[in-house]
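Take a look at the letters that make up each chain.
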Amino acid sequence: MSGHMNLTLKVWRQKNTQTPGKFVTYKAENISPDMSFLEMLDVVNESLTRKNEEPIYFDHDCREGICGSCSLYINGHPHGPKKAITTCQLHMRTFSDGETITIEPWRSAAFPIVKDLATDRSAFDRIQQAGGYVSINTGGVPDANVIPIPKVIADEAFNSATCIGCGACVAACKNASAMLFTSAKITQLGLLPQGQPERYSRVQAMVAQMDQEGFGNCTNTGACEAECPKEITLNNIAFMNNDFFSAKLFREEHAHDHTGGE
Amino acid sequence: MSLDAKIPQGPLAEKWSKHKFNLKLVNPSNKRKYDIIVVGTGLAGASAAASLAELGYNVKSFCFQDSPRRAHSIAAQGGINAAKNYQNDGDSVYRLFYDTIKGGDYRAREGNVYRLAEVSVNIIDQCVAQGVPFAREYGGLLDNRSFGGSQVSRTFYARGQTGQQLLLGAYSALNRQIHLGKVKMYTRTEMLDVVVVDGHAKGIVTRNLKTGEIETHAGHAVLLATGGYGNVFYLSTNAIGSNVTAAWRAHKRGAYFANPCYTQIHPTCIPVTGDHQSKLTLMSESLRNDGRVWAPKTVETAQKLQKKEIAASDVKEEDRDYFLERKYPSFGNLVPRDVASRNAKEMSDEGKGVGTTGLAVYLDFAEAIQRLGEDTVRAKYGNLFDMYLQITDENPYKQPMRIYPAVHYTMGGLWVDYNLSTNLPGLYAMGECNFSDHGANRLGASALMQGLSDGYFVIPYTLGDYLATIGPKKVDTSHPAFEQTKQDVIAYNNKLLSLKGNKTVVEYHRELGHIMWEYCGMARTEEGLTKAKALIKELKADFWKNAIVTGENEEVNAALERAGRVADFIELGELMVTDALTRRESCGGHFRLESQTEEGEALRDDENFAFVSAWEFTGENEEEVLHKEELIFENVKLTQRSYK
Ligand SMILES: Cc1cc2nc3c(=O)[nH]c(=O)nc-3n(C[C@H](O)[C@H](O)[C@H](O)COP(=O)(O)OP(=O)(O)OC[C@H]3O[C@@H](n4cnc5c(N)ncnc54)[C@H](O)[C@@H]3O)c2cc1C
Ligand code: SF4
Ligand code: FES
């Protein structure tokens, strides 16, 4: 294994949502190539703490690419330069000794900065709350094998369902569009028989919420797909657009507020 | 106080349905007069909050992450058990019950485990109806896989992301109730205490992690679903934020803590590379179907491997010790998790470990690749091999994987009765944070089952009984106990913030982890545990003198959050050691060197230890008091496990 590295970090520091932020330069010394990117930041934070300085704040939890917490914009790429991984899965052997690394939070009006590198992504939750579900209660449902689902459909639905809600698609997009994220849930449920009864009301409710949150429009540049750690494809956006227009043109009767079938 | 588990009388198979009939009901029009607090949005918490809101209760739901979808349940990989018998291979509720009781080494309650097996089938129906995309066969029906500890195929899965898909299902049900206004969601909010009024839990104190504001919330009942405490070992497969704080603070307000020393150590994790390591990554148990575990026969060879003077491929066949195959000819590499883990540690302890740290053994696929071809091996395990390569930069198709055991799950937790109520009335515990169903060792794919069983199918019934008893009289935060508890929390946080010493909280956490792993991990002795207890006491005293906690309360302050959690882990660590000292038998995931058979296998002592340990907190720096709940077995016969 190669030796340890010394790096220069340019890190966005911002006390809270209201206070303007700025880049601050730090040295990351004696970094092992086996460390993950977040472990490298841990090392920097430990040394800041020992000097009684405020450590750099970033969101993280699982550190294995599944919870969607981590969210750094590294050298101009959400989740860093490698494809199909999250920041917590990025290892320092990707970088070389002496390199300068720029670390920023997601930049989007709909994701206000909470502190330093962490943003408020609750807009994503509100889009899901608007209709990202099947309106059934606990209990009283049919046996799981009553409705067979063709394996190809189940597999496609699964691919869409793997979205981790990290927000890299928004960060990557020059319009800060949330179409990839929103369409992934619409496609998952739209493909499955369980999602059919509310298919058209769901798409309208979720799109309306997405617009209300202030996300931008999609102009098909495909940056979201390229940066998505879970390789959610643009096909999802096509599926959503299709359903959205069908709902508008032919199914106006479904276009009521999505009350979840109380 | 006497411990009444409230297991219903009568035949095993009828206990739950009879009990449901006997429970009091809350009149539908009265349900909206009750406020319920649910802390945690993992499988247990999200499913409970959604189900209770559907019934009409007003629910307040809390999590410390920025979204309920990020609870640690999201990381579960392998699958979820259910006695559907879709494979027609002889599965049944009774068999799932039996496997789980036996897997837990006869330290769980028959009544609870039977109910778990019984409702397991409903869970799968519920999740499919929500649109959870489980794996399917070409005919369109649900697919199953086999898991350790059973001879039938009953594990439902969604690739290697079962936890994610189940949690997103529960999250969607929760979202629907948030949209309908029946659940009020508090994210980035950490519960720091329970408010007790006249002996009943009536609320919680929280810290808003964005502003630092300390707030109080009142409810007719408080439900904790705050996950496991594996991070007491510092390194584990848990998420960084997983912690014991909610359960521990509840314990200090009177809730008993049961079987704290029962932890599960998973044999196949990627080994530690250095002190910088912040967490460990699990490699699925399924790899042991084709991988062969070995270590070099001699210490000299091991040292050469550690110094990289030679590679694994340079070690000749006759110089390798396939120790599991040698010691357990009939089960070989497929011995249960605890046996595999203990043997890997023994090899490393004898100096025969590999990798730069010497804390690893090999899991070798060379023979499988030769037998099946690389393509077949890739089809079976490709994603795991990729993950391994990503983390270690070593190609497992070309050289053996290095693996080492890691802490993975905690069977211990808050003591609860059959209704999931702690001994503190009004306080309930669900999911991994209670102790209930897994005894001394949890079988694979049964934690997800338990979390969802508790949340979807048990608590909606049992909670009603308590609520009907206390009545819908409004509760609010005006009782002085709320202000008092809030002031206690503020004072405690200020004490933490006043620490401006010379050692970081992470360093204390790491040190605690070393002590726990060394003396209260897989193999334990009276002497080691006694030493650990003294070391932890010292660590605690040192922490409260020399730790550094930066920043203030009125801001986002990760240092303060971490300090509070580590302080609780230190106290819990001491109780775990105390519990382990008391339990002078080997069982399930833990091995007391003083209690082994002539062949060196775990020796359970049913005569003296067939009980649940429930610990009562009696005051700061006081010894806790042990209460025993005897375990009664009417249906299964207790036998010693053997895998020779
Ligand atoms: C890597 C890994 C793989 C696994 N694979 C499997 C598997 O294949 N099959 C299986 O059955 N089991 C598996 N398990 C075990 C299983 O995932 C967990 O036991 C289970 O998901 C725990 O669910 P839970 O709802 O109890 O808690 P969690 O999902 O941990 O949720 C805890 C919740 O509590 C909240 N919380 C905690 N403390 C506080 C506080 N003080 N204030 C406010 N909120 C708080 C958190 O925000 C979170 O929402 C695995 C575990 C790991 C670590
Ligand atoms: S679509 Fe991809 S990038 Fe966007 S939130 Fe989901 S996983 Fe992240
Ligand atoms: S920390 Fe969970 S995805 Fe990175």
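Nothing here was measured: the structure is a model prediction, and the numbers come from that model.

About the criteria used
Residues numbered from 1 in each chain as written. Chains lettered and ligands numbered in written order. Predicted model: local features only at pLDDT ≥ 70, side-chain atom pairs only at ≥ 80, totals over all residues. Heavy atoms only, no water. Helix = DSSP H or I, 4+ residues; strand = E, 2+ residues; numbered from the N terminus. Buried < 20%, exposed > 50% of the residue type's maximum accessible area, 1.4 Å probe, protein only. Contact = heavy atoms within 4.5 Å. Areas by Shrake-Rupley, 256 points an atom, 1.4 Å probe, with all protein chains shown as cover. Lys, Arg positive; Asp, Glu negative; His and termini not counted. Charge placed at Lys NZ, Arg CZ, Asp CG, Glu CD. Near = heavy atom within 4 Å. Polar contact = N/O pair within 3.5 Å; in protein donor to acceptor, adjacent residues only side chain to side chain. Salt bridge = Lys/Arg side-chain N within 4 Å of Asp/Glu carboxyl O. Nonpolar A, V, L, I, M, F, W, Y, C, P; charged D, E, K, R; others polar.

K.L.:
Outline the overall build of chain A, supporting the account with residue identities and numerical values.
P.N.:
When its secondary structure is counted, chain A shows eight helices and seven strands. For chain A, the spread of C-alpha atoms along the three principal axes comes to 60 × 40 × 35 Å. Taken across its 262 residues, chain A has 59% of its residues classed as buried. The contacts of chain A with a sequence gap of at least 6 include a subset with a gap of at least 24, amounting to 71%. When the accessible surface of chain A is totalled, it reaches about 10300 Å², and 51% of it is carbon and sulfur. Computed over 23 positive and 30 negative side-chain charges, the separation of the two mean positions in chain A equals 5 Å.

K.L.:
Break down the site of ligand 1 for me, citing the residues and quoting the values.
P.N.:
All names here are of chain B. Residues in contact with ligand 1 amount to 38 residues; listed here are only the nearest, Gln65, Ser73, Gly78, Met191 and Glu432. Taking phenylalanine 64, its main chain carries an N or O atom lying 3.1 Å from an oxygen atom of ligand 1. One nitrogen or oxygen atom from the main chain of glycine 79 is found 2.9 Å from a nitrogen atom belonging to ligand 1. Across the complex, the protein chains shield 97% of the 1000 Å² of accessible surface that ligand 1 would expose by itself.

K.L.:
Let's hear about the pattern of salt bridges: which residues, and what values?
P.N.:
Residues and elements named next belong to chain B. As enumerated under the stated definition, the model contains 60 salt bridges over all chains in all. Here aspartate 193 and arginine 253 are joined by a salt bridge, their closest N and O atoms 2.9 Å apart. In this pair, aspartate 193 is assigned in strand β6 (residues 189–197) and arginine 253 in the loop between α6 (245–252) and β10 (257–258), connecting sequence segments 60 residues apart. Residue aspartate 193 is classed as buried on the basis of its relative accessible area, which comes to 7%. With a closest N to O distance of 3.6 Å, lysine 540 and glutamate 571 form a salt bridge. One end of the pair, lysine 540, is in helix α15 (residues 526–546); the other, glutamate 571, is in helix α16 (residues 558–582), and 31 residues separate them in sequence. Exposure class is identical for lysine 540 and glutamate 571. Each is buried. One continuous salt-bridge network, built from bridges that share partners, spans Asp105, Arg107, Arg583, Glu585, Arg604 and Asp606.

K.L.:
Talk me through the site of ligand 2; I want residue IDs and the actual numbers.
P.N.:
All names here are of chain A. Around ligand 2, the surrounding shell holds 13 residues, and the nearest of these are Cys163, Cys166, Gly167, Cys169 and Cys228. The set of elements that each furnish at least two residues to the shell around ligand 2 consists of α4 (168–172) and α5 (179–191). Here the residues of the shell around ligand 2 sort into eleven nonpolar, two polar and no charged.

Interpretation note: all reported values are geometric properties and have no functional meaning in isolation.
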